[in-house]
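Examining the three-dimensional arrangement
Below, each chain spelled out in residue letters.
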Amino acid sequence: MSTSQSATNAVASSNHIHSTTLPTNNATNSTSKQNASQSPYPHILEPLDLGFTTLKNRIVMGSMHTGLEDRFYNYGKLAAYFAERAKGGVAMMITGGISPNREGWLLPAGGTMNTKADVLNHRRVTQAVHKHDSKIIMQILHSGRYGYHPFSVSSSAIKSPITPFKPRKMSIKNIEQTVKDYARCATLAKEAGYDGVEIMGSEGYLLNQFLSRHVNQRTDEYGGDIYARMKFPLNVVRAVREAVGSDFIIIFRLSMLDLVQDGNVMDEVITIAKALEEAGVNIINTGIGWHEARVPTIVTSVPRAAFVDFTHEVKKHVNIAVMASNRINMPDTAEQIVADGQADLIQMARPFLADPYWVNKAKEGKTDRINTCIACNQACLDHTFQHKRSTCLVNPQACYETELVYKKAKVAKKVAVVGGGVAGMSAATVAAKRGHDVTLFEAKDRLGGQFNYAKVIPGKEEFFETIRYFTNELNHQGVTVKLDTKVDKAMLEEGKFDHIIIATGVVPRSLVGKLEGADLPQVISYADLLSGQKSVGDSVAVIGAGGIGFDVSEYLTAHHTQPMDEIDPDLLKDLSYRPTPQSIESWREEWGVTLDSDYQTDGGLVKREKITPMRQVYLMQRSAGRLGAGLNKTSGWVHRAAVKSHGVIQLSGVQYEKITDEGIWVTNPQGHSQLLRVDSVVVCAGQESVNELMPNVGDAPNAQYHLIGGAKLAAELDAKRAIRDGAEVAATI
Ligand code: NAP
Ligand code: SF4
């Protein structure tokens, strides 16, 4: 028997999930079990014995490219980032993708592990994590044709639709050398102190490009039926196992649903999964959809746990641990999946950017204090695609652990925060956490500001969670919250505050006085509509096609919208209230994803269900060109596709003439006057700052004033900047 075979066999017999009943003489384990049974989430907190090592619970932080892993001088920051999450109780974490060679780079000079020098940088990360009793896995990612550089390679020389470089077809020699590169990379990872490696085989990266006919059109031994297509990935796994021995975790991230033309069917996925088990993999992780798929897989409108049945289907056919992923962000969802036996482990990536202490909070039953990832992608994936460092919209400390530090204040100051939107709530919680005496004033009867409009958009229900989180934090940090309190300058001066933070936000831009007929009763603002104060008829014109124009168009046309004028306003103030989100079935029908977990259609795609919109909507802008061009990089296409499928008529390059009782008159790009017969007009024409509480030039205020969020800059009204502004100001006073 060759060394390779014996190593593989040793693992094949030891990598099956062992009984989760742990020896009673193991103090740590018995404490873990005790904690698990006391917690409301016993299943996800139960340890998992992999035979040669034990995971202390079932929660794994998935791989996220943060941008810190690409440069050696950022490894101190990367170590701090992982250490924070290790402290937060997660069992195991997977690094961002590290390439085994130059061809596999995602970006030019991207993170690579192929020399001894690389080991030293990575050791800083592994040592920082191990201090806090957590495990860390290095992901080996060869980007294949997704590489953003001229050295990219693939199974066949077919360019991807999301990169400008056409890859070179790998020769057999090239394939064999790459197998060795993976093995060397894994050996170096072990030397660097990692507990294992994850071999990235999904989301359309190199190994997925071999596994699926979507790209693999080879006619040699590496192309053809599934047995030939999986030969290279299996050789990689075998070579890695032989190189690292049996006491090292190997995870394979397998595409359970390709969501592309000529993608695999479930029988093929199961065949691969069984072969991976045989080849020595310990854990099969879930990958859903190639990056080029035209079906959203992680944005906020994807229902929670929308793809878990595919993971479950694979789990039925293997004896090793299987990990579920995608749109799992809260303990109840995770617990249900493990309790139902659909998966053994839960992977979440973005939720740990949002809250490093997710696991400890779940363990202590403090679910209400979890800062929930709202799946907006705005500060994480959007940043990755803009080649910027990732962070998190709801947690600006993410990836800035050593830079944005909330130190205890030397002297407790009296602080007023005016405005209870996300900027004000962020400032107030951080200032109070640092020991200041904070009062938050809000003119309305509820906190949340603009998030109160976002949360009622169908598919944006997660925004409720941010309001819930910050409201609870204000309470927990001892902030005095004064609702229904409109303050004026005199009140602020009389309050004898040391610092006054103005976070009074924005008001929707009104067109009264700028457009004839804008004062008619059928012309309303998005705020009137989304607060339930006013309603619309069966045909609507939306003026302004920014993010809010798109949101309003979805609100007006989607079938699962709960119209605001029909909801009891008091219910919306209840922190536990959530509107019913779109069901997984209805969402899959809308996007053309199979309902059958044992699917036989290529890539799991089926014909999209035709939608009859709830009403006729015209979405308009004055600028020429495509509507929604300025929407966020990784989620904008989803909004554009949604309004298109909802039958929204999109008009660009129009001039608004007047609004009358017949509808709205516009001049089309050809210069012709045109009447759009609509019952109502919703104005989504941006916002204007509200900042009149700031001192004027010549005033001599007693307090130090700070202006943050939309009150500072309405043009780029942006929750990411608002929350960061609040935190940064409060971190320095
Ligand atoms: P926005 O993105 O600035 O869009 C405002 C729209 O109003 C533009 O289409 C603009 O187009 C039009 N407009 C501006 N002034 C006008 C005027 N005087 N008369 C008529 N039309 C006018 O603002 P928003 O939609 O309110 O969104 C605000 C911010 O919220 C965004 O920047 C984004 O950060 C965030 N947001 C994002 C999303 C998302 O990505 N899904 C959703 C909601 C909010 P023309 O000038 O071409 O007519
Ligand atoms: Fe989640 Fe948005 Fe934060 Fe990304 S930026 S981790 S999607 S909340």
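Residues numbered from 1 in each chain as written. Chains lettered and ligands numbered in written order. Predicted model: local features only at pLDDT ≥ 70, side-chain atom pairs only at ≥ 80, totals over all residues. Heavy atoms only, no water.

**With respect to helix 10 (residues 308-315)**
- Taken across its 8 residues, helix 10 has 6 buried, putting it largely inside the fold.
- Its buried side turned inward, helix 10 meets strand 9 (249-257), helix 9 (266-279), strand 10 (283-288), strand 11 (321-324), helix 11 (331-339) and helix 22 (584-591). (Buried < 20%, exposed > 50% of the residue type's maximum accessible area, 1.4 Å probe, protein only. Helix = DSSP H or I, 4+ residues; strand = E, 2+ residues; numbered from the N terminus. Contact = heavy atoms within 4.5 Å.)

**So, the site of ligand 2**
- Around ligand 2, a shell composed of Arg-350, Leu-353, Cys-373, Ile-374, Ala-375, Cys-376, Asn-377, Ala-379, Cys-380, Cys-392 and Leu-393 is seen.
- Residues belonging to the shell around ligand 2 are distributed by class as follows: 9 nonpolar, 1 polar and 1 charged. (Near = heavy atom within 4 Å. Nonpolar A, V, L, I, M, F, W, Y, C, P; charged D, E, K, R; others polar.)

**Re the packing of aromatic side chains**
- The tally for this structure, following the rule as stated, stands at 16 aromatic pairs.
- Aromatic pair Tyr-453 and Tyr-526: ring centres 5.9 Å apart, planes at 90 degrees, arrangement edge-to-face. With Tyr-453 in helix 16 (residues 451-454) and Tyr-526 in helix 19 (residues 526-530), this residue pair connects regions lying 73 residues apart in the sequence.
- Look at Tyr-453 and you get buried, because its relative accessible area is 15%.
- Put simply, the rings of Phe-307, Trp-587, Trp-591 and Trp-637 pair up and form one aromatic cluster.
- Cation over ring: Arg-102 sits above Phe-151, and NZ or CZ is 3.8 Å from the ring centre. (Phe/Tyr/Trp six-rings, centres within 6.5 Å; stacked < 30°, edge-to-face > 60°. Lys NZ or Arg CZ within 6 Å of the ring centre and 35° of its normal.)

**As for the domain arrangement of the protein**
- In terms of domains, the protein is made up of domain 1 (3-385), domain 2 (414-508 + 690-732) and domain 3 (523-687).
- Relative to domain 2, the C-alpha centre of domain 1 lies at a distance of 39 Å.
- Each side of the interface is counted separately: domain 1 has 18 residues, and domain 2 has 15 residues.
- Carbon and sulfur atoms make up 46% of the surface buried where domain 1 meets domain 2, a total of about 1,300 Å² over both sides.
- Viewed at the interface, domain 2 and domain 1 are joined by 4 salt bridges.
- The shortest N-O distance in the salt bridge between Glu-465 and Arg-304 comes to 3.0 Å. (Domains from an automatic or database assignment. Buried area = accessible area lost by both parts, 1.4 Å probe. Salt bridge = Lys/Arg side-chain N within 4 Å of Asp/Glu carboxyl O.)

**Quick word on the nonpolar core**
- Residues Ile-59, Met-113, Phe-232, Ile-346 and Trp-358 are the most contacted members of the largest nonpolar core, which totals 157 residues.
- Other than its neighbours up to four places away in sequence, Ile-59 contacts Ile-44, Val-90, Ala-91, Met-92, Ala-334, Ile-346, Met-348, Phe-352, Trp-358 and Val-359.
- Residues Ala-527, Tyr-555, Tyr-577 and Val-617 belong to the second largest nonpolar core, which totals 29 residues. (Core = buried A, V, L, I, M, F, W, Y, C linked by side-chain atoms within 4.5 Å.)

**Some thoughts on the confidence of the model for the protein**
- Put simply, the protein has an average pLDDT of 93, and 95% of its residues get 70 or more.
- Ignoring residues within four places in sequence, the model shows residues 1-14, a span with pLDDT below 50, making 19 contacts including any to other chains.
- Under a pLDDT of 50 for its full length, residues 19-32 has, in the predicted model, 13 contacts with residues more than four places off or in other chains. (pLDDT = per-residue confidence, 0-100.)

**Re the sheet that holds strand 19 (residues 539-543)**
- Sheet architecture is open: 5 strands sit in the order 18-25-19-20-21, paired in parallel fashion. This sheet does not close on itself; its edge strands, each paired only once, are strand 18 (523-525) and strand 21 (649-651). When the angles between neighbouring strand axes are averaged without regard to direction, this sheet yields 20 degrees.
- Note: strand 18 against strand 25 (residues 680-683), 3 bridges, orientation parallel. Across the sheet, Val-523 pairs through a bridge with Val-681, a residue of strand 25.
- Across the sheet, helix 20 (residues 547-557) touches strand 19, strand 20 (616-620) and strand 25, and the angle it forms with strand 20 is around 175 degrees. (Pairing = 2+ DSSP bridges. Axes fitted to C-alpha atoms, helices over the stretch in contact; angles between N-to-C directions.)

**So, the pairing of strand 24 (residues 673-676)**
- Here strand 23 (residues 663-667) runs beside strand 24; their pairing, made up of 4 bridges, is antiparallel. Looking at strand 24, one finds that Ile-664 is bridged to Leu-676.
- In textbook terms, the turn of a hairpin is the stretch between consecutive antiparallel strands, and for strand 23 and strand 24 this stretch comprises 5 residues, one of which, Gly-671, has a positive phi near 90 degrees.

**Structural notes on the side chain of Glu-198**
- Inspection of the secondary structure assignment puts Glu-198 in strand 8 (residues 196-201).
- Buried charge without a salt bridge: Glu-198, with Arg-253 as the nearest opposite-charge side chain at an N-O distance of 4.9 Å.
- Here Gln-139 takes part through its side chain, which lies 2.7 Å from a polar atom of the side chain of Glu-198.
- Those residues in contact with Glu-198 that lie beyond four places of it in its chain are Ser-63, Ile-94, Ile-137, Met-138, Gln-139, Ile-140, Ile-251, Arg-253, Asn-285 and Gln-347. (Lys, Arg positive; Asp, Glu negative; His and termini not counted. Polar contact = N/O pair within 3.5 Å; in protein donor to acceptor, adjacent residues only side chain to side chain.)

**Details of the site of ligand 1**
- Taken together, 22 residues are adjacent to ligand 1, and Ala-545, Ile-548, Arg-622, Ser-623 and Gln-687 come closest.
- Within the backbone of Ala-545, an N or O atom sits 2.9 Å from an oxygen atom of ligand 1.
- Take Ser-623: an N or O atom from its side chain is 2.3 Å from an oxygen atom of ligand 1.
- A total of 3 residues in the shell around ligand 1 trace back to one element, the largest contributor, which is helix 20.

**Let's talk about the pattern of salt bridges**
- Enumeration over the complete set of coordinates arrives at 38 salt bridges.
- Between Asp-309 and Arg-588 there is a salt bridge, with the nearest N and O atoms lying 2.5 Å from each other. Within this pair, whereas Asp-309 is found in helix 10, its partner Arg-588 is found in helix 22, the two being separated by 279 residues in sequence.
- Asp-309 sits in the partly exposed class, given a relative accessible area of 21%.
- Salt-bridge contacts for Asp-528 lead to Lys-534; the nearest nitrogen and oxygen are separated by 3.8 Å.
- Judged by its relative accessible area of 16%, Asp-528 falls in the buried class.
- Through salt bridges with shared partners, one network takes in Arg-304, Arg-327, Glu-462, Glu-465, Arg-468 and Arg-578.

**Details of the packing of helix 9 against helix 10**
- Look at helix 9 against helix 10: their axes get within 9 Å of each other, and the N-to-C directions meet at 55 degrees. With respect to their mutual orientation, helix 9 and helix 10 come out oblique. Relative to helix 10, helix 9 is oriented so that their crossing is right-handed. In contact with Met-266, Val-269, Ile-270 and Ala-273 of helix 9, helix 10 contributes Phe-310, Glu-313 and Val-314. (Parallel < 35°, antiparallel > 145°, perpendicular 65-115°, else oblique. Left-handed = near helix turned anticlockwise from the far one by under 90°.)

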